[in-house]
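Chain by chain, the residues run as shown.
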Amino acid sequence: MKLNQNNLPNLGAHVRQPTYRLDSVTAGIAHIGVGGFHRAHQAVYTEALMNEGEGLDWGICGIGTRPEERAMRDALAGQDYLYTLVELDDHPDTKVQVMGAIRDMLLVEDGSAAVIARLADPAIRIVSLTITEGGYCMDDSTGEFNAGLPLIQHDLMNRDEPISVFGLICAALAARRRAGVAPFTLMSCDNLPHNGEVTRKALIAFATLLDPQLADWIAEHVSFPNAMVDRITPMTSTQHRLDLHDEHGIDDAWPVVCEPFLQWVLEDKFVNGRPAWEKVGVQFTDDVTPYEEMKIKLLNGSHLALTYLGWLRGYRFVHETMADPLFVGYIRAYMDLDVTPQLAAVPGIDLTAYKNTLIKRFSNQAIADQLERVCSDGSSKFPKFTIPTINRLIADHAQLDRAALVVAAWALYLRGVDELGNRYRIPDPRADFCQALVDQDEGLAQRLLGREEIFGPHLIRSAAFVEAFERGLQRLRSLGVKGTLELLLTY
């Protein structure tokens, strides 16, 4: 049956539903970037709190800044903003839950004024973000805000009709300042090292160009907590929707599927109140650094380490790759020998158990996580997830072949043909630029590794790393992925 509020009483008894009245929820959070991850993570914690009878004034209003978000908004609006969360694992019990934490969604395409008015509403006390690694407009080669981007230039010249994330936020904060309304907390939920600090730097840089006095006010009054977020959330497929219909009787235009694992470590730095998320599993801390280092280097870094190699080998799902013992051996060696020695002690975490859990999570067949999803936006992911590990290995004069192979595999992946001869597109906003770097064998290492906006300054200056990269590239070409991993695992 069609998912909507009227049909909730007719759903199966095994389907968990909101225990609160939907019409009693008011928005206290505006979330920019309502994708699968937000709906499977932050919204889940908020939903859990509401199901405990608390936090009904912390409902979520979604904000869409991109034209392609209209399809999701229309799908959600057509079912009273309800959606189904399906947890998939390699056992027969599937958890199915109808979620009601999101109560509205606005699109910038329908007019900036309505979005700004909602963000300026005193009821909104947190503005949260999942806008991808590239959405913060930071130049990875300099660590500075990239004001030359077309969206940013548009907003600097059209300050009354902003369309970028930072233009909208500045307009709303300026309105709150004029009206004497307390500011909101700006909370990033993206996979970025020190994501709160990155958000602060980007917003203040934009505001300084727009209105230096506003920038000073933001610096003094707005808070930007750092966070570590974790849940594997593959793209929702047509098959997922069909399975939900056939197995559970729910016709949901845009469900979300995810793994059972869920984690959120968050700095308790809020200027205008927050939900009592600690009651539903959020871990609050004064310093999120050791947790985010662990997660980004072990989980995200290992994802990249296996994804391009797996794709070249002809695999298309993460669990397929992890069914190959060579890949498991390689990932364990990368985690244990290359990453773990770089990590500080993480309060409350057994790193050996954490790594074992990652192997299990990556091997989850039921979730069918797409390698294409993990492969996407490589040019933005490398600076955050892999290059810090490589830089430390270079500084420590450590063995480089395992880490260099990650970059070599990406170089071959950018050619657009796998070992089986299958052609594919490169899902990266900078795909054409990146592919041009690898289209000729002659001088490839210098052209690719010399791009500081992707790799920073250290890789190209390390003769040992350049040699390791070229060695990995030559092995992949002559031995293939299988032969290269077999050789590497003899070290």
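Positions within a chain are numbered from 1, following the residues in the order the chain's sequence is written. pLDDT decides what is reported in this predicted model: residues at 70 or higher carry local features, side-chain atom pairs at 80 or more are listed and counted, and totals for whole chains, interfaces and linings draw on all residues regardless. The side-chain values count all of the structure's non-hydrogen atoms but skip hydrogen atoms and water molecules.

**Q** Would you mind showing me how to read the overall build of the protein here?
**A** Broken down by element type, the protein carries 22 helices and 13 strands. In this treatment the radius of gyration is a C-alpha quantity, and the globule benchmark scales as 2.2 Å times the residue count to the 0.38 power. Relative to the 2.2 N^0.38 estimate, which gives 23 Å for 491 residues, the radius of gyration of the protein is 23 Å and therefore close to what a compact globule would have. Each of the three principal axes of the protein carries a C-alpha extent, and together these read 65 × 55 × 40 Å. Here's how the labels work: a residue is buried when its accessible area is under 20% of the maximum for its type, exposed when over 50%, partly exposed in between, all with a 1.4 Å probe on protein chains only. In the protein, which comprises 491 residues, the proportion classed as buried is 57%. Contacts between residues were defined by any pair of non-hydrogen atoms, one from each residue, lying within 4.5 Å. A fraction of 76% describes how many contacts in the protein between residues 6 or more apart in sequence connect residues 24 or more apart. Strands here are runs of E lasting at least two residues and helices are runs of H or I lasting at least four, both read from the DSSP assignment and numbered beginning at the N terminus.

**Q** Sorry, what's going on with the pattern of salt bridges here?
**A** It is possible for side chains bearing opposite charge to pair when their charged atoms get close. Salt bridges are counted wherever a side-chain nitrogen of Lys or Arg sits within 4 Å of a carboxyl oxygen of Asp or Glu. Going through the model one piece at a time under the given rule, you end up with 34 salt bridges. Where glutamate 259 meets arginine 361, a salt bridge forms, and the shortest distance between an N and an O atom there is 2.5 Å. Pair noted here: glutamate 259 is in the loop between β11 (256-258) and β12 (263-267) and arginine 361 is in helix α13 (residues 351-362), with a separation of 102 residues, a long-range link. Here arginine 316 and aspartate 418 are joined by a salt bridge, their closest N and O atoms 2.7 Å apart. Highlighted residues: arginine 316 in the loop between α10 (289-313) and α11 (318-322) and aspartate 418 in the loop between α17 (401-413) and α18 (431-437), separated in sequence by 102 residues. When its relative accessible area of 23% is taken as the criterion, arginine 316 is described as partly exposed. A relative accessible area of 6% places aspartate 418 in the buried class. Via salt bridges that share partners, Arg70, Arg73, Asp74, Glu109 and Asp110 belong to a single interconnected network.

**Q** Just checking my understanding: could you explain the domain arrangement of the protein for this structure?
**A** The domain limits used here are those given by an automatic or database domain assignment. Domain annotation for the protein reports domain 1 (5-286) and domain 2 (289-489). A separation of 29 Å is found between the C-alpha centroids of domain 1 and domain 2. Listed per partner, the contact involves 31 residues of domain 1 and 32 residues of domain 2. Taking both partners together, domain 1 and domain 2 bury about 2600 Å²; carbon and sulfur atoms supply 56% of that area. Run the count over domain 1 and domain 2 and you get 2 salt bridges. Sorting elements by how many residues they give to the side of domain 1 that touches domain 2 places strand β10 (residues 227-230) first, with 4 residues. Asp, Glu, Lys and Arg are counted as charged, while Ala, Val, Leu, Ile, Met, Phe, Trp, Tyr, Cys and Pro are counted as nonpolar; the rest, among them Gly, fall into the polar class. Here the side of domain 1 that touches domain 2 is composed, by residue class, of 13 nonpolar, 10 polar and 8 charged. Computed with a 1.4 Å rolling probe, the buried area is the accessible surface lost when two parts are put together, summed over both parts.

**Q** Could you clarify how one ought to interpret the sheet that holds strand β9 (residues 185-188) in this entry?
**A** Strand pairing in a sheet is mediated by backbone hydrogen bonds. Such pairs are either parallel or antiparallel. Ordered by their spatial adjacency, 5 strands build an open sheet running β5-β2-β1-β6-β9, and the pairing between neighbours is parallel. With partners counted over all chains shown, the strands left at the sheet margins are β5 (102-107) and β9, one partner each. Averaged over all pairs of adjacent strands, the angle between strand axes in this sheet comes to 25°, irrespective of strand direction. Following DSSP output, two strands are said to pair if at least two bridges run between them. Of the pairings in the sheet, the one linking strand β1 (residues 27-32) to strand β6 (residues 126-129) comprises 4 bridges and is parallel in character. For isoleucine 32, the partnering residue across the bridge sits in β6 and is leucine 129. Helix axes are fitted to C-alpha atoms over the stretch in contact, other axes to C-alpha atoms as well, and angles between N-to-C directions run from 0 to 180 degrees.

**Q** How should unusual backbone geometry be read in this particular structure?
**A** When glycine is set aside, most residues are seen to have a negative phi, and most peptide bonds are trans. The phi angle at aspartate 80 is positive, at roughly 60°, despite the residue not being glycine. With respect to the helices and strands, aspartate 80 occurs in the loop between α3 (70-77) and β3 (83-87). A relative accessible area of 31% means that aspartate 80 is categorised as partly exposed. Although it is not a glycine, histidine 194 sits at a positive phi angle of roughly 50°. Mapped onto the elements of the fold, histidine 194 is located in the loop between β9 and α7 (195-210). Judged by its relative accessible area of 26%, histidine 194 is partly exposed.

**Q** What exactly am I supposed to notice about the UniProt feature "domain: Mannitol dehydrogenase C-terminal" (unreviewed entry) in the protein here?
**A** With numbering aligned to this structure, UniProt lists the feature "domain: Mannitol dehydrogenase C-terminal" (unreviewed entry) at residues 287-476. The span residues 287-476 shows a helical share of 67% and a strand share of 0%, and its end C-alpha atoms are spaced 41 Å apart. UniProt positions are given in the numbering used here, feature names are shortened, and annotations may be inferred rather than shown by experiment.

**Q** Help me understand helix α16 (residues 387-395) in this model?
**A** When α16 is considered as a whole, its buried residues turn out to be Ile387, Thr389, Ile390, Leu393 and Ile394. Along the axis of α16, the buried positions cluster into a sector of 155°, meaning they face one direction only. Backbone geometry just downstream of α16 places histidine 397 in the positive-phi region, at approximately 55°. The arc in question is the one traced by the directions running from the helix axis out to the C-beta atoms.

**Q** Would you explain empty space enclosed by the protein in this entry?
**A** If a probe as big as a water molecule is rolled over the atoms, it shows which places are left empty. Cavity means a closed set of points on a 1 Å grid over the protein atoms alone, one where a 1.4 Å probe fits but cannot get out, pocket means an open set with protein on both sides within 12 Å along at least 5 of 7 lines, and lining means a residue has an atom within 4 Å of a point. Grid points are joined across faces, edges and corners, and a volume is the space filled by probe spheres set on the points. For the structure on display, the rule yields 2 cavities of 30 Å³ or more. Taken as a whole, the largest cavity spans an internal volume of roughly 40 Å³. Taken together, Ile232, Val318, His319, Arg361, Phe362, Asn364, Ile367 and Asp369 make up the lining of the largest cavity. Broken down by secondary-structure element, the contributors of at least two residues to the lining of the largest cavity are α11 and α13.

**Q** How should the layout of surface pockets be read in this particular structure?
**A** Taken as a whole, the second largest pocket spans an internal volume of roughly 540 Å³. Asp140, Pro193, Pro383, Lys384 and Pro388 are the residues nearest the centre of the second largest pocket, which is lined by 29 residues in total. Contributions of two or more residues to the lining of the second largest pocket are made by β7 (138-139), α7, α10, α15 (378-385), α16 and α20 (452-455). Of the residues that constitute the lining of the second largest pocket, the class distribution is 13 nonpolar, 6 polar and 10 charged. Shared between two domains, the lining of the second largest pocket holds at least three residues of each, these being domain 1 (5-286) and domain 2 (289-489).

**Q** Explain the packing of α10 against α13 to me, please; I cannot follow it from the model alone.
**A** Between two packed helices, what matters for the description is the angle formed by their axes and the separation of those axes. In contact at an axis separation of 11 Å, α10 and α13 are set at 35° when each is read in the N-to-C sense. In this structure, α10 crosses over α13, and the sense of that crossing is right-handed. Of the residues in α13, those touching α10 at Met294, Lys295, Leu298, Leu299, Ser302, His303 and Leu306 are Leu351, Tyr354, Lys355, Leu358, Arg361 and Phe362. Looking at the contact of α10 with α13 residue by residue, the class counts come to 8 nonpolar, 2 polar and 3 charged. Two helices cross in a left-handed way if the nearer one is turned anticlockwise from the farther one by less than a right angle. They cross in a right-handed way if the turn is clockwise.

**Q** Could you clarify how one ought to interpret the sheet that holds β12 in this entry?
**A** Here we have 3 strands laid out as an open sheet, ordered β10-β12-β13, and mixed in their pairing. Lying at the two open borders of the sheet, with one neighbouring strand each, are β10 and β13 (283-285). Strand-to-strand twist of the sheet, defined as the mean angle between neighbouring strand axes without regard to direction, takes the value 15°. Two strands pair when backbone bridges link them, and β12 and β13 are joined in this way by 3 bridges, in the parallel orientation. Looking across to β13, one finds that valine 265 is bridged to glutamine 283. Most of the contacts of α10 go to β10, to which it runs at about 40°, and overall it touches β10, β12 and β13.

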